[in-house]
Protein chains: 2
Amino acid sequence: MASTLLSARDLRFLLYEWLGAEELTERPHYAEHSRETFDGALELAERVATDHFAPHNKTNDTDEPRFDGEQVHVNPEVGEALKVYAETGLSSLGMPESVGGAQVPHVVSSACNAWFQAANLGTSAYPFLTSGNARLLLEHGTQEQIDTFVRPMVEGRWTGTMCLSEPQAGSSLADITTRAEPAEDGAFRLFGNKMWISAGDHELSENIVHLVLAKLPGGPPGVKGISLFVVPKYLPGPDGAPDERNDVVPAGLNHKMGYRGTVNALLNFGEGRHTPQGRPGAIGHLVGEAHQGLKYMFHMMNGARIGVGAGATAVGYTGYLKSLAYARERVQGRPAAAKGPGAPQVPIIEHTDVRRMLLAQKSYVEGAMALVLYSARLVDDTLSHEDARERERAELLLDVLTPIVKSWPSQWCVVANDLAIQVHGGYGYTREYDVEQHYRDNRLNAIHEGTHGIQGLDLLGRKAVQDGGKRLSLLVEQARGCVRRARALGGQEAEHAELLESALERTAHTAAAAWSGGRPEVALANATPYLEAVGHVVLAWMWLEQSVAASGHEGAFYDGKRAAARYFFRHELPRTGPQFDLVAARETTVLDTPADLL
Amino acid sequence: MASTLLSARDLRFLLYEWLGAEELTERPHYAEHSRETFDGALELAERVATDHFAPHNKTNDTDEPRFDGEQVHVNPEVGEALKVYAETGLSSLGMPESVGGAQVPHVVSSACNAWFQAANLGTSAYPFLTSGNARLLLEHGTQEQIDTFVRPMVEGRWTGTMCLSEPQAGSSLADITTRAEPAEDGAFRLFGNKMWISAGDHELSENIVHLVLAKLPGGPPGVKGISLFVVPKYLPGPDGAPDERNDVVPAGLNHKMGYRGTVNALLNFGEGRHTPQGRPGAIGHLVGEAHQGLKYMFHMMNGARIGVGAGATAVGYTGYLKSLAYARERVQGRPAAAKGPGAPQVPIIEHTDVRRMLLAQKSYVEGAMALVLYSARLVDDTLSHEDARERERAELLLDVLTPIVKSWPSQWCVVANDLAIQVHGGYGYTREYDVEQHYRDNRLNAIHEGTHGIQGLDLLGRKAVQDGGKRLSLLVEQARGCVRRARALGGQEAEHAELLESALERTAHTAAAAWSGGRPEVALANATPYLEAVGHVVLAWMWLEQSVAASGHEGAFYDGKRAAARYFFRHELPRTGPQFDLVAARETTVLDTPADLL
C-alpha cells in the first residue's frame, strides 16, 4: 500500500527526472555518492519516519510537554524516535565529512527530511533545529567550538536551539536586552530572558547547545550591537562530556494550538538558580566577531525559513494523501449524472467538487515540494558548483526565493489541510482522524521564523530592490529559461509558458511601479499582496518546470502532473491579477486608515 | 471599556440607521414593541452573554463533554448559563405570542443572539437549536404537539435537536435507513442510528425533543420517502411532565477540534435499552404528512443555515475586536518612517501590515453581520409585511441569499480568525489567548448544515436557475436599488456603485454562461467558485448599503465604515474577476481529471 505520508514516486521524479540529483555526484563535493546511496537514504528515511515517527504523532498532541517548575517532561516516544534517528545515521546525513557527516547533497537530505516532517512535525523539529545550529557553528565557530559542540550534535547525542526572541522583543530584535558580560578566560556571563524557544529545554539529549543573541556592554545600539554566544545547558567537562549545570533554566512553557511535540519554552539566563564555576550567570562563548551576531543568526535563520516552508509542505502533503485515501474509500451519494435513488452510492472522489478539493491540494503540495527541493538544489550549487559565478548566482536566487519558500507553503499548505478536513466532512473535524491536527500544527508556520508580513517586507523592501534589483531580475531570467523550454514543446506546455511569461513581466514591472513614487511607506503598504502574488507566480513556474520534465512521458503519474499544472495555471495563477493591480496602483487604503477608525 | 464580543454601536447602526428596525413596530405583528423594548432586549443579551456565557467559553473547550457509557456529562457551567438565559426570558424572545413568546422581530432577536454566539458558540447552540425545533413544530405540528413540546421549549425547560445524518448518510439523506413502524394509538416506533447530533444527549434540560427523519414502510425510495417524527427523550406523562424513558440512547460522542461546548452524539433509536410502554422501539409522532419530512426539515434547515452564518460571523467579530485591542496595547518595533533604534517602540497597530489585517477583518465581520441582519430583516418581511407580493419577494430573496449567508461567513470569518491569530503573533497561537479557540470553533461552520460544496450546488444548481432564474434576478434588482441610491450621493459611494454594478452584471451573465452549454455537470463543476464570487458581490452590496446609510454622518464610527467599504471594494471585490472568468468559460480541468490521476 502506498504511503500516506509522502509519495516516494513524486520525490524520485523531482530528484532524478527534474533536478538532476544524480549528476551532482560528478562534482568532487559529492563524489562519494551515487544514485544507490541516495535511494538508500530515501528508503531509510521513509522507513524510520513511518515506523518510529508517525506512530506517536497523535500522542505528541494529546500528551504535550509539561513543566513541573524544575524540569520539562516530554512524551517519551520522542526520545525513543530520536535515538533510532541517530543510531541509523540520519542525524549526520547532510553534515560535512569534516565532522563525520555523510555529506549527502541538500536536495537529497531535504527529501529525506520531508518524510520526518510529514510523519511528525513536532518530533522532527529537534534534529532539524540541531542541524541548523551545527551548520552555523561550522561556518562561524572556532575549531574548538566545532569540536566541543558540533560533533556531539552531528552524532545525535546533543541537541541545539536558537534563542532570539524576548518577551518584549519578538519580531523586533533591535530591542533585546539580554546582556553578555566579559568574564574569566575570555568567556562571558549571560543575563536575560528568552522566549518562544523551540526545543528550549527537555531531557531528550545529553546536552542542549543554545545559540543566544545578546548585547555586549558598550556596543552600538539596535541590531548593530547584537552578538552571538554559544551557551550549553551543561558545561562540557575536561573529557568533553556534559558536566556542571550552567545557569540557564526553563521558566515556563507555551501551550500551543498545535505543533505540541516540540517544547516551546521561556528560558532564563543568569537567574542564579545554578552557579557554574561558583557564581551566577550563564557561561557562554562568543561566536565569531563581536556585534556580528544578527548576521550570523540570519545565516541560520535563512536555512530555518526554508525548513519552515519544507515542514509546511510536508504536513500539507500528508493531509492531501490522507484525504485522497479517504475519498477513494468513503461511499456517499451519487454523481449529478446518476438518475434516481436506486443507483448505488459511489466513492466521494466521483463527486466533482471533491475532486476539485483534491486537485487543488495536489497543486499546492506537489508544487510546494518542487519549490522546496529546487531551493535545496540551489544550496547544493552554492556549496559545490565548480563555477564561482554560478555559485554566486545560486546564492542570489536562493536569497530572493527564501521569503517565498518560507511563506507560500505556510499559507497554501494550510489551505490544503483545510481542504483535507473538508473532504473528510464531519469526520475531518474530529480528533479520530489526522487532518485536524495537521491543520493546527501547520498554522504555526506563518508565524515563526519571521511572520508572513515580515517575509513580504523582506521580498518587496529588500530582495526585490537591493543592488538595483538584480535578485528579482535573476529570478525572472531563470524562470524565463523554463518558459523557453516549454514553448518549444508546444501544446499545453507552450500555452502555460505564455501565461507564465505574462506573470513574470508583471512580477518585475509591479515591483518597479510600487517603488516609483518615492514614498517607501506606500510601496511597503502592499508588501504582503506582492509577496502572495509573486509566490503564486513562482509556483506556476515550478509547475511549468515539472510539466517540462514530465513531457513525453505517458501514464497516470505524468498525466496527474499535467492535470495539476493545468489546475494551477487556470484556477490559481489568475488570482495574481488583482493583487498585482493593487501593488502597481500603489493602493493606500490601509496606509490612509488611522488606528482610531478601526 | 468597550466590549470585545461585539460592537453595540455597530448593531445599533445596522438596526436603526440602516434596516429600519424601529419602523417595524408600525406593523400589527410587532405593534407591542418599541425602540425601548428593542434596546432593552439588546442590553439584556449583552449583559447575560458577557456575565454568564463568555466566562466559561474556555472551560467548554478544556472540559469537553464525556460519555460514561450510560450518560453524557457536560460542563456544568453550560447548565447554569442556560438557566439564566431562560429565567431572563431570552429563550422566548423571538417566539410568537401564541406560545408565550415576546415576538420580538427577527432582526432584533438575531442581533441579540449574536451576543451569545460571540460569547460562547458552544453554549449558545443549545437554545438556538431548540428555537429552530420549536419553530418547525409551530409551523407543521398539531396543536397537541405544540402544547406538549413547544411550550416547554419556549420556556427554556426542554431543549431540541434535529436528527438527520446517519453513519452511512451524511450529505446524502436519500440513503437514510432509520425506519418508523406504525404502532399503538397512531404513534410510531423508530429504529435506527443517527450521527452528528448536536445537543443530542445531556442532562442540561428536563427533556430533549428530537426531530427525526425516518422512512415509513412501503414509502417511495430516496428523499421522497422520508417522513418527520417528534421523539422525546422522556415520554410526557399525563400532566405533560417528563415521565417514562423513551428508547433513544447515546451511543458515543464525537471529539471535535473545536466547538466543544456543544455535545455531538451518536444516538441509537430502538436499540432496546429502554422499553417504553413495555417494549423496545423509540416512540415517536408523525409531524405533518407522511413523506413530507425532508421538506419540513429544510424549513428548519434554512433557518439553521442562516444561524450557522450568524455564528460564524459572531465568532469572527469577537476575534476581530480582541486582536484590535491587542494591537492597540502590544508595543513592538517602529514604523518604517521612524529612524534609528533610539526611537521608542510603538503599539503594533501603527504598523501598516497590522492595520491591513485589522481592516480586512473589519470588512469581513462587519460586512457579514450586515448580511446576517439583512437576512433576518427579510424573515420579518415574510412574516409581517402587509403586502403579499412583498412577502413573496422577501421569501424568494431570502431563498437565494441563504447559501451565501451560510457559506460566506463560514469561509471568511475563519479567515478573520486566522488574521486575528496573526495579529497576536506567537501569542495568538497559544491557548493563553482566545483567538486560537475561535479559529478552531469557527472551522466547523463550513461543514455542518450542508457543506460549503453543497451550498454551491444549491446556489448555481437550484436558486440561480429555478423558475427561470427569478430569484437571482431579484437579488440583482434589489442590489441595483442600492446602486442607484449610492450613485446619487456622488464621491466614493458613486465610485463603488459603478464597481458593484459591473459585478452584478457579471453575477447574472455568468450564471447564464455556465448553463449555456446544456451539460449540467460542466456548469456544476464550478459551482463553488461561483458561490464564492457571488458571496463577495453580495458582501460588496452590503458594504455599499452601509456606506449609503453612513453618508452625511461625520465621526470616527462613520469614517471607519467608509474605510472598511473602501477596503472591501479595492482589495476584495476584484478577487471575483478570475472566479467569474472560470465559471463563464465553463472550465473543465477538474471535471476532466479522473480519480486515478490524483
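None of the values given here were measured: they were computed from a predicted structure.

### As for the overall build of chain A
And step 1. The number of helices and strands found in chain A is 19 helices and 12 strands.
And step 2. In terms of C-alpha radius of gyration, chain A reaches 24 Å, essentially the compact-globule figure of 25 Å for 598 residues.
And step 3. Dimensions of chain A, computed from C-alpha atoms along their principal axes, come out at roughly 85 × 60 × 55 Å.
And step 4. The burial tally for chain A puts 64% of its 598 residues in the buried class.
And step 5. Partitioning the contacts of chain A with sequence separation of at least 6, the portion at a separation of at least 24 is 74%.
And step 6. Accessible surface computed for chain A: about 20100 Å², of which carbon and sulfur atoms make up 51%.
And step 7. Charge-centre separation for chain A: the mean point of 56 positive side chains lies 5 Å from the mean point of 74 negative side chains.

### Topic: the UniProt feature "domain: Acyl-CoA dehydrogenase/oxidase N-terminal" (unreviewed entry) in chain A
And step 1. The UniProt entry lists residues 44-156 of chain A under the feature "domain: Acyl-CoA dehydrogenase/oxidase N-terminal" (unreviewed entry), expressed in the numbering used here.
And step 2. Secondary structure across residues 44-156 of chain A divides into 65% helix and 4% strand, with the first and last C-alpha atoms of the span separated by 16 Å.

### With respect to empty space enclosed by the protein
Residue and element names in this part refer to chain B.
And step 1. Evaluation of the coordinates by the stated rule reveals 6 cavities of 30 Å³ or more.
And step 2. Estimates place the volume of the second largest cavity at around 60 Å³.
And step 3. Glu64, Pro65, Leu253, Asn254, His255, Lys256, Arg260, Thr262, Val263 and Asn264 together form the lining of the second largest cavity.
And step 4. For the lining of the second largest cavity, the per-class residue count stands at 3 nonpolar, 4 polar and 3 charged.

### Digging into the interface of chain A and chain B
And step 1. Taken residue by residue, the interface counts 85 residues in chain A and 85 residues in chain B.
And step 2. Taken together, the two surfaces of chain A and chain B that pack against each other cover about 7200 Å², and 58% of this comes from carbon and sulfur.
And step 3. Arginine 431 of chain A serves as the salt-bridge partner of glutamate 64 of chain B, at 2.4 Å between the closest nitrogen and oxygen.
And step 4. Sorting elements by how many residues they give to the side of chain A that touches chain B places helix α17 (residues 556-572) of chain A first, with 8 residues.
And step 5. Here the side of chain A that touches chain B is composed, by residue class, of 35 nonpolar, 25 polar and 25 charged.

Each value, and the rule that gives it
- Every chain is numbered independently, its residues counted from 1 as its sequence is written.
- Chain letters start at A and ligand numbers start at 1, both assigned in the order the entries are written.
- Two thresholds apply to this predicted model, a pLDDT of at least 70 for residue-level local features and 80 or more for giving and counting side-chain atom pairs, whereas whole-chain, interface and lining totals are computed over all residues.
- Hydrogens and water molecules were not included; the side-chain quantities draw on all heavy atoms of the structure.
- Starting at the N terminus, helices and strands are each numbered in turn, a helix being any DSSP run of H or I of at least four residues and a strand any DSSP run of E of at least two.
- Within these notes, the globule rule equals 2.2 Å times the number of residues to the 0.38 power, and the radius of gyration is based on C-alpha atoms.
- Summary of the burial criterion: residues with accessible area below 20% of their type's maximum are buried, those above 50% are exposed, and those between are partly exposed, where the area comes from a 1.4 Å probe applied to protein chains only.
- Should any heavy atoms of two residues lie within 4.5 Å, those residues are considered in contact.
- Each accessible area is a Shrake-Rupley estimate made with a 1.4 Å probe; only the visible protein chains count as cover when residues are assessed.
- Only four residue types enter the tally: Lys and Arg on the positive side, Asp and Glu on the negative side, with His and both chain ends excluded.
- Lys charges are placed at NZ, Arg charges at CZ, Asp charges at CG and Glu charges at CD.
- UniProt positions are given in the numbering used here, feature names are shortened, and annotations may be inferred rather than shown by experiment.
- Whether a set of points on the 1 Å grid over the protein atoms alone is a cavity depends on a 1.4 Å probe fitting there but being unable to get out, while an open set qualifies as a pocket with protein on both sides within 12 Å along at least five of seven lines; lining residues are those with an atom within 4 Å of a point.
- Grid points are joined across faces, edges and corners, and a volume is the space filled by probe spheres set on the points.
- Each residue receives one of three labels: charged for Asp, Glu, Lys and Arg, nonpolar for Ala, Val, Leu, Ile, Met, Phe, Trp, Tyr, Cys and Pro, and polar for the others, Gly being one of them.
- Buried area: the accessible surface (1.4 Å probe) lost by two parts on joining, summed over both.
- Salt bridges are defined by distance alone: a side-chain nitrogen of Lys or Arg within 4 Å of a carboxyl oxygen of Asp or Glu.

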